[in-house]
Amino acid sequence: MSDSNTHWWALPYLLVLLSSFLSAFVGLGVKLLKEMDVFNLMYIRSVIMVTMNYFYIKWNNGKIYPPITNKKACRLIEIRCALGFTCATCFFIGVQNIPLSIANVLLQTVPIWTGILGKIFLKEDFGQREIISCAVSFLGVLFITKPPIPFFTEGQNVTEFLSSFPFYFICLINAILWAIALLIARNLRNHVDSHALNHQFAATMLIFSPIFISPSNLQIPTRTQLFFIIINAVITLLCWFLINEALKYEQASKIMPLNYCSLVFTGIFDKIIFNYFPSLSSLIGVILIAGSCIFLVVGKRKEEEKKPSKVKRLSEANIS
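Residue indices begin from 1 for each chain and proceed along its sequence in written order. Whole-chain, interface and lining totals are the exception, using all residues; otherwise, since this is a predicted model, local features are given only for residues with pLDDT of at least 70 and side-chain atom pairs are given and counted only at 80 or more. Note that water and hydrogens are dropped before the side-chain values are worked out from all heavy atoms of the structure.

What about a nonpolar patch on the surface?
Now for step 1: By definition, no residue in a patch forms a salt bridge, and every one has over 30% relative accessible area; like charges are joined within 9 Å, nonpolar side chains (Val, Leu, Ile, Met, Phe, Trp, Tyr) within 5 Å. In short, Shrake-Rupley with a 1.4 Å probe defines the accessible areas, and a residue's cover is counted only from the protein chains shown. For this document, the term salt bridge refers to a Lys or Arg side-chain nitrogen within 4 Å of an Asp or Glu carboxyl oxygen. The grouping of Leu-32, Val-264, Ile-268, Ile-272, Ile-273 and Phe-274 at the surface amounts to a nonpolar patch, some 510 Å² of accessible area in total.
Now for step 2: Strands are runs of DSSP state E lasting at least two residues, helices are runs of H or I lasting at least four, and both sets are numbered from the N terminus onward. For the nonpolar patch, the leading source of residues is helix H11 (residues 261-274), giving five residues.
Now for step 3: Assignment of secondary structure puts Ile-268 in helix H11.
Now for step 4: Owing to a relative accessible area of 39%, Ile-268 belongs among the partly exposed residues under this scheme. Think of it in three bands: with a 1.4 Å probe and only protein chains considered, a residue is buried below 20% of the maximum accessible area for its type, exposed above 50%, and partly exposed in between.

Structural data, given as structure tokens:
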């Protein structure tokens, strides 16, 4: 990176580590607000996020809605915002209904889905490493969801499986949709600033969440609930800021594996606050999914590092 010689080498890693720690608090806040309707919670949270993000962008002399003449880019922004709203809905529902640590690990399958969808839609490389990662990650999902088939069931019958599986499935859908949103964001990086894109995503939640609030679920939060919502919104924006700052100093493929530390933090919160400790099967699933994703991301980084050396060798060969 261009700033690699002007900062402490560990700075981007510490920023991502701090972001992963704070992101665990985001899920924890949603879990503690379980009694609130999902869309009601999303609406109040989005009001706070839009307001804070607006002043942050203005403070950095950025543009909230930069002029975009490319019609394809405009459509992609609209799709990305719609996906973001759907992802937030799935995230809130999943976290409120299954253990926080389990919901988080299912959401962390995003790199796997990004690789699969990148191959399908963008014709990106999908080799042996990607196939192994997908297979191991899928095995981890089976260990966590414990379907009623031999070896995975842990004594769970069909009824118990069907009662919890919809929420596991919602978390996986969230990961898939978020992977699509990331692929879209990759194509938008030359058209719109990441902070402006995040602002538009929050604005989409502000616009659409009230539509889904039924009159019977409309409620004014208590002081305690409002405090948790404000803290949740502030931490979410802080996580975005920390990741964006870290990416200024180092490649995403090098620092993002540290984001999986959030699995450890959510596991600690689950045990301390909710007295939940994953079963042996779930622990195996967590290790398989986290390991397969890190294996994929680190492998991608090594492949990227080899490319420049290949180009250099070819140029030297041509000179000689």
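As for the packing of helix H4 (residues 100-107) against H11
Now for step 1: As a rule, the C-alpha atoms of each element are fitted with a line to give its axis, helices using only the stretch in contact, and angles between N-to-C directions run from 0 to 180 degrees. At a minimum axis distance of 8 Å, the contact between H4 and H11 shows a crossing angle of 165°. Compared by their axis directions, H4 and H11 come out roughly antiparallel. Helix-helix and strand crossings are classified by hand; for H4 and H11 the assignment is right-handed. Here Leu-100, Ser-101, Asn-104 and Val-105 of H4 lie close against H11, whose contacting residues are Ser-262, Leu-263, Thr-266, Gly-267, Phe-269 and Asp-270. Angle categories: roughly parallel below 35 degrees, roughly antiparallel above 145, roughly perpendicular from 65 to 115, and oblique for all the rest. Left-handed describes a crossing in which the near helix is turned anticlockwise from the far one by less than a right angle; the clockwise case is right-handed. In what follows, residue pairs with any heavy atoms lying within 4.5 Å of each other are defined as contacts.

Things to note about the pattern of salt bridges
Now for step 1: Applying the stated criterion across every chain, the model contains one salt bridge.
Now for step 2: Of the charged contacts in the structure, one is a salt bridge between Glu-78 and Arg-75, with a shortest N-O distance of 2.8 Å. Here Glu-78 pairs with Arg-75, and both are found in helix H3 (residues 71-97), just three residues apart, close to one helical turn.
Now for step 3: Overall, the relative accessible area of 45% leaves Glu-78 in the partly exposed class.

Some points on the environment of Ile-112
Now for step 1: Position of Ile-112 relative to the elements: it lies in helix H5 (residues 110-122).
Now for step 2: When the C-alpha atoms of Ile-112 and Ser-133 are compared, they prove to be 7.0 Å apart, with 21 residues separating the residues in sequence.
Now for step 3: Leaving out residues up to four positions away in the same chain, Ile-112 has contacts with Ser-133, Cys-134, Ser-137, Ser-292, Cys-293 and Leu-296.

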